[in-house]
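Residue strings, one per chain:
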Amino acid sequence: MNPMKSILCILLTCVSIQAYAQYTDVINSNRPGASRSAFSVGTKVAQLELGPYYISEKRVPVAAYKVSGFGVDFAARYGLLLEQLELNIEGTYQNDTKEFTSNFSSEEKRSNFKSVAFGAKYLVYDPYKNEEKNKPNLYSWRANHSFKWSSLIPAVSVYLGANFDAADNPYTAPGVEGVSPKVMIATQNNFPGGWVFVMNFIKDRIGSDQSDFQYILTLTHSFNQNWVIFGETQGIKSDFYADNLFRFGGAYLLGRDLQLDTALTFNAKDTPSVLGVNLGVSYRLDFHKDKEIKNNKGIDNGTSIKDEAKRSKRKKKKDTTDTDKTNKKRKRKDVDFDDN
C-alpha cells in the first residue's frame, strides 16, 4: 500500500477515539535524545527543534577510514485537529570528509540528507487522562514521591511515516532511493520524583535494501522546573549498518517556549568508533486554546478553562471585598455615639 494512503487510514481510524489534553504549559521537546515522546505538542502548537553537531568516526584495522564533519538534526512538529494527533517532519543533514587510510590514502567529501521522514504520531492510550486520580497530594510529600504500581502502565502512541531518500546518497546503501515506510511504537512512563522513561521500537525503510530495526531507551530526570539530565541507549540492526550507541546530556528551560540542550554520543566498538557532540534548541509557537466547557445545564457558555479560572478568581476577590464592606458597615452601626 502507498505510504501516504496508509497514513490517511491511520488518521481516519484515530478520529473515532476520544481525545484527552496533550498540551503542557511549557515546551515539550524530544531533544536532546533520539527517542520520541508518546505525547504530542498539543493542538495549534507549532514547534521547531534544531541540533547542530560535530561527528567523528574511525574504523580499524580492515578497510580503515576516518570521518570528520558537521551536521544538523531537525524536526518540525504540529498538533492538528485532535489533542493526541501530531504531524511532523524530521531528518538529518551532514557534511563531512571521509579519508581512507588502508593501503593508499584518499579523501571523499560528502554532503546529503542522511534521513528525511514525514509522518503522523497518535496517542492510543493515556493512563494519565484521569486528572482527579493524578492530582498531587497537597498534604503529603511522601504520597507525591512514593512509588505507585500504576506508574508501570505506560502511555502508548503509534507512528506511521514515509522516508524520502535521494538517489546516489553516500549515507545510504546502494540502490536505496525514493519512498519507503517507517513505523514506530513509543511508550512513556512518568514516575514520581521527576523521572521519565521512554521506549521506542522502530522499523525503518521497510522493503528497501537498508531496512533496519531500532530500539531506543531513554531515562530522564528533572532536578527542578529548569534543569533536566538524561541517559540513553540506541540499538541499530540491519545488513547495511549495526551499532549500539550511548548518549548522555542535559537541557535547560530558558522560557516556557524555549529550551537549550547538549549531548554526547559514543559507542563501544571500532568498526567504526563513533564520537558526536551536539548543541540544540527547541522553540514553539503556541496558539493553543483550551476546549470550551459547559455550565451545569449542559449549555456551552463559550468560556475556556483558562477564562473560567480567571472569572472564578475575580468572583472570589469580589466576594471577599463585599464581605469586608459588610463587616465595616456592621462595625459602624455597633458604635455607641451617646454622650451619657
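1. Looking at the pairing of strand β12 (residues 273–286)
In this sheet, β12 lies alongside strand β1 (residues 45–59) in antiparallel orientation, the contact comprising 12 bridges. Along β12, the bridge assignment pairs Ser-56 with Leu-275. One ladder, built from 9 bridges, connects strand β11 (residues 258–267) with β12; its direction is antiparallel. Bridge pairing in β12 places Thr-265 opposite Gly-276. Turn length for the β11-β12 hairpin, with the two strands adjacent in sequence and antiparallel, is 5 residues.

2. Points about unusual backbone geometry
In this model, Arg-31 is joined to Pro-32 through a cis peptide bond whose omega is 5°. On the secondary structure map, Pro-32 appears in the loop between α1 (3–14) and β1. Here the bond from Thr-271 into Pro-272 is cis, since omega is 0°, no more than 30 degrees from zero. Inspection of the secondary structure puts Pro-272 in the loop between β11 and β12. Residue Lys-44 is not a glycine yet carries a positive backbone phi of 60°. Considering the arrangement of structural elements, one finds Lys-44 in the loop between α1 and β1. Judged by its relative accessible area of 46%, Lys-44 falls in the partly exposed class.

3. A look at the sheet that holds strand β3 (residues 85–100)
Taking strand neighbours around the barrel as the criterion, the 12 strands line up as β1-β2-β3-β4-β5-β6-β7-β8-β9-β10-β11-β12 in a closed arrangement whose pairing is antiparallel. Each neighbouring strand pair of the sheet contributes to a mean axis angle of 20°, computed without reference to strand direction. Where strand β4 (residues 106–125) lies against strand β5 (residues 155–165), 8 bridges are found, and the strand directions are antiparallel. Of the residues in β5, the one forming a bridge with Tyr-125 is Val-156.

4. Things to note about the nonpolar core
Grouped together as the largest cluster of nonpolar side chains are 6 residues: Ala-117, Tyr-159, Met-184, Ala-186, Ile-202 and Ile-216. Sequence-distant contacts of Ala-186, defined by excluding residues within four places in its chain, comprise Arg-36, Ser-37, Ala-38, Ala-155, Val-156, Ser-157, Met-199 and Asn-200.

5. Comments concerning the side chain of His-288
Mapped onto the fold, His-288 is located in the loop between β12 and β13 (292–294). A distance of 3.0 Å separates the side chain of His-288 from the backbone oxygen of Thr-43, its partner in a polar contact. Setting aside anything within four residues of it in sequence, one finds His-288 in contact with Tyr-23, Gly-42, Thr-43, Lys-44, Val-45 and Glu-83.

Rules and cut-offs
Residues numbered from 1 in each chain as written. Predicted model: local features only at pLDDT ≥ 70, side-chain atom pairs only at ≥ 80, totals over all residues. Heavy atoms only, no water. Pairing = 2+ DSSP bridges. Helix = DSSP H or I, 4+ residues; strand = E, 2+ residues; numbered from the N terminus. Buried < 20%, exposed > 50% of the residue type's maximum accessible area, 1.4 Å probe, protein only. Axes fitted to C-alpha atoms, helices over the stretch in contact; angles between N-to-C directions. Core = buried A, V, L, I, M, F, W, Y, C linked by side-chain atoms within 4.5 Å. Contact = heavy atoms within 4.5 Å. Polar contact = N/O pair within 3.5 Å; in protein donor to acceptor, adjacent residues only side chain to side chain.

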